[in-house]
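The lines below spell out each chain.
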Amino acid sequence: MSFEKIRTPSVDPVEKRREAMTEILASWDLEGAMPDVTGLEVVREYVVGRLELPLALLKVSERAKQLRAKEIHSA
């Protein structure tokens, strides 16, 4: 009787990031906190692998600060 190594199916890293971001965006949408076009571009850059997660988070955070400042000045 021979035992073969059990192989786990490979998961496409882009698909994995896409699924994770879909869930996050759905959560944000429920909270009424969807990102603007610039924020969504950062999400896309992360999903396709052009940005690492720490840099993507930093960019999204910076964009949120810009939008909050803009709201404060226009109020």
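The structure we're discussing is the one just above.
Thresholds, definitions, all that
- Residues numbered from 1 in each chain as written.
- Predicted model: local features only at pLDDT ≥ 70, side-chain atom pairs only at ≥ 80, totals over all residues.
- Heavy atoms only, no water.
- Helix = DSSP H or I, 4+ residues; strand = E, 2+ residues; numbered from the N terminus.
- Expected span 1.5 Å × (residues − 1).
- Contact = heavy atoms within 4.5 Å.
- Buried < 20%, exposed > 50% of the residue type's maximum accessible area, 1.4 Å probe, protein only.
- Lys, Arg positive; Asp, Glu negative; His and termini not counted.
- Salt bridge = Lys/Arg side-chain N within 4 Å of Asp/Glu carboxyl O.
- Polar contact = N/O pair within 3.5 Å; in protein donor to acceptor, adjacent residues only side chain to side chain.
- 1 Å grid on protein atoms, 1.4 Å probe; cavity = no way out; pocket = protein on both sides within 12 Å on 5 of 7 lines; lining within 4 Å.
- Points joined across faces, edges and corners; volume = space filled by probe spheres on them.
- Nonpolar A, V, L, I, M, F, W, Y, C, P; charged D, E, K, R; others polar.

Moving on, we get to helix 1 (residues 13-30). In this model helix 1 runs 26 Å from its N-terminal to its C-terminal C-alpha over 18 residues, within 8% of the 26 Å that 1.5 Å per residue would give. Along its buried surface, helix 1 packs onto helix 2 (37-47). One or two steps after helix 1, the chain reaches Gly 32, where phi turns positive at roughly 70 degrees.

Before going further, it helps to spend a moment on the side chain of Arg 17. Relative to the assigned elements, Arg 17 resides in helix 1. For Arg 17, which is buried and forms no salt bridge, the nearest opposite charge comes from Asp 12, at a distance of 6.6 Å. A distance of 3.0 Å separates a polar atom in the side chain of Arg 17 from the backbone oxygen of Val 47. Setting aside its immediate chain neighbours within four residues, Arg 17 contacts Tyr 46, Val 47, Val 48 and Gly 49.

With that out of the way, let us pick up the layout of surface pockets. Counted as a void, the largest pocket has a volume near 230 Å³. Considering the residues around the largest pocket, the lining is formed by Trp 28, Ala 33, Met 34, Pro 35, Asp 36, Gly 39, Val 60, Arg 63, Ala 64, Leu 67, Arg 68 and Glu 71. Ranked by the residues each element gives to the lining of the largest pocket, the list is headed by helix 3 (residues 53-74), at six residues. Here the residues of the lining of the largest pocket sort into seven nonpolar, one polar and four charged.

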